[in-house]
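# Chains, contacts and geometry: an overview
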Amino acid sequence: MPRITTRPLTPAIGALVENVDLAGPLDDEQFADIQAALLRHQVIFFENQRLTPVQHRDFAARFGALHTHPLYPGVPEAPELFTLDNHQANPTDNDSWHTDVTFIETPPKAAILHAHLLPASGGDTIWSNMKAAFEALSPSFRDYLTTLDAVHDFARGFPASGLVAGNAGAEAHARAVAANPPVTHPVVRTHPETGEDGLFVNYTFTDRIVGLTRKESDAILGMLFEHIQKPEFLVRWRWSENAIAFWDNRVTQHYAVNDYLPARRVMVRATILGDRPYHRSRRGVEALAAE
């Protein structure tokens, strides 16, 4: 099979992957090339990929076990996937910076989003590189952040009054809240494959920093939530029909630009489970404490 090629989109993050058909079988070399591109560029894009939901699911499943979202509607042919179908009668409410599903103990390592129906204009998605954002902070502040943990809360990202909860129904939302109590993750996590550090807090799910007053926590989190939006850390992707975005959820955040209503935008996502976040400076201490 021909060798996959990659074309970087910005110096910090993002690359277009070409010369591959994800609907067909991938040999080991192609699979390894895609994995390497993801680790190097944090988010990679593929154009004109005509995958069925089953092919989408099977491609994602090669990278790990899949997460089933507790609120979004699944796809009948592949229930591990879910659909984001936004239009005038169902406007999006996820237009905030976030890392996916950080409200569980083992947040996803990656996600794969497939464009099914797009507005004539608008509906872009932006990703930010959390390694670059962390490294742009002062050394003293970086050292301090590595000592902190933060609480991530499902109910913050999916409140009972929100559109997603309303669409799922009160009973389903209550079950999801009960099944997903708040969890604690390090403010800075070490990437389990690259060994590099990156920020691991996000506006949608991170509620507070452990051990600080609410005022102190809000000040630090507010500064970080603003900091990660610097253009130097970003790539903005203009979708085309059947395009795919594949991002490393351990080192990125993203923002779906909500500028296309009343037009309709339909996307389908697979979410690949990861492992428990840690910071390398505390991993040994945490392991001893768990024994």
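Above this text sits the structure in question.
Here, residues in each chain are numbered from 1, in the same order as that chain's written sequence. With the structure being a predicted model, the display of local features is reserved for residues of pLDDT at least 70 and the display and counting of side-chain atom pairs for 80 or more, all residues being used for whole-chain, interface and lining totals. Note that the side-chain values use all heavy atoms of the structure and ignore hydrogens as well as water.

## Structural notes on the side chain of Gln-42
- Secondary structure elements are defined from DSSP: runs of H or I of at least 4 residues count as helices, runs of E of at least 2 residues count as strands, and each element is numbered from the N terminus. For Gln-42, the location among the structural elements is in the loop between α1 (28-41) and β3 (43-46).
- Here the term buried applies to any residue with accessible area under 20% of the maximum for its type, exposed to any over 50%, and partly exposed to those in between, with areas from a 1.4 Å probe on protein chains only. The class for Gln-42 is buried, based on a relative accessible area of 6%.
- For the purposes of these results, a polar contact is taken to be a pair of N or O atoms within 3.5 Å, where, inside protein, one atom must be able to donate a hydrogen and its partner to accept one; residues adjacent in sequence count only when each atom of the pair is a side-chain atom. At 3.1 Å, the side chain of Gln-42 forms a polar contact with the side chain of Asn-129.
- The residues touching Gln-42, leaving out its near neighbours within four places in the chain, are Ala-12, Ile-13, Ala-37, Asn-129, Phe-246, Trp-247, Asp-248, Val-251 and Thr-252. Residue contacts follow a heavy-atom distance rule, with two residues in contact if any of their heavy atoms lie within 4.5 Å.

## Some thoughts on empty space enclosed by the protein
- We place a 1 Å grid over just the protein atoms. Points where a 1.4 Å probe fits but has no way out form a cavity, open points with protein on both sides within 12 Å along at least 5 of 7 lines form a pocket, and any residue with an atom within 4 Å of a point lines it. Grid points are joined across faces, edges and corners, and a volume is the space filled by probe spheres set on the points. Counted according to the given criterion, the structure contains two cavities of 30 Å³ or more.
- Size it by volume and the largest cavity reaches roughly 90 Å³.
- With three residues, the top contributor of residues to the lining of the largest cavity is α1.
- Each residue is assigned to one of three groups, with Ala, Val, Leu, Ile, Met, Phe, Trp, Tyr, Cys and Pro labelled nonpolar, Asp, Glu, Lys and Arg labelled charged, and all others, Gly among them, labelled polar. Here the residues of the lining of the largest cavity are counted per class, giving six nonpolar, one polar and three charged.
- Its volume calculated, the second largest cavity comes out at about 50 Å³.

## Here we look at the layout of surface pockets
- Considering only enclosed or pocket space, the largest pocket measures out at about 470 Å³ in volume.
- Tyr-72, Asp-93, Asn-94, His-98 and Thr-204 are the residues nearest the centre of the largest pocket, which is lined by 29 residues in total.
- Looking at the lining of the largest pocket, the elements that each hand over two or more residues are β5 (78-86), α5 (154-157), β15 (252-256) and β16 (265-272).
- Of the residues forming the lining of the largest pocket, the biggest block, three residues, is contributed by β5.
- Classifying every residue of the lining of the largest pocket gives 13 nonpolar, eleven polar and five charged.
- Estimated volume of the second largest pocket: approximately 240 Å³.
- Lining the second largest pocket are 16 residues; nearest its centre among them are Tyr-72, Pro-73, Thr-83, Asn-90 and Asn-167.
- Classifying every residue of the lining of the second largest pocket by side-chain character gives eight nonpolar, six polar and two charged.

## Structural notes on the sheet that holds β15
- Paired strands, as defined in this entry, are two strands with at least two bridges between them according to DSSP. The strand order across the open sheet formed by three strands is β13-β7-β15, and the pairing between neighbours is antiparallel. This sheet does not close on itself; its edge strands, each paired only once, are β13 (234-237) and β15. Each adjacent strand pair in this sheet contributes to an overall mean axis angle of 20 degrees, direction not counted.
- One ladder, built from five bridges, connects strand β7 (residues 125-129) with β15; its direction is antiparallel. Note on β15: the bridge partner recorded for Ile-126 is Tyr-255. Every axis in this analysis is a line fitted to C-alpha atoms, fitted for helices over the stretch in contact. Angles between the N-to-C directions lie between 0 and 180 degrees.

## Details of the pairing of β16
- Among the eight residues in β16, eight count as buried, and that is most of the element.
- Burial along β16 is two-sided: Arg-265, Met-267, Arg-269 and Thr-271 and Val-266, Val-268, Ala-270 and Ile-272, pointing in opposite directions, are all buried.
- Inspection of the sheet shows β5 paired to β16 by five bridges, in the antiparallel sense. Residue pairing for β16: Thr-83 is matched across the bridge by Val-268.
- Relative to β16, strand β6 (residues 110-117) is paired through seven bridges, and the arrangement is antiparallel. Its bridge partner lying in β16, Leu-117 is registered against Val-266.

Just distances and angles here, no functional claims.
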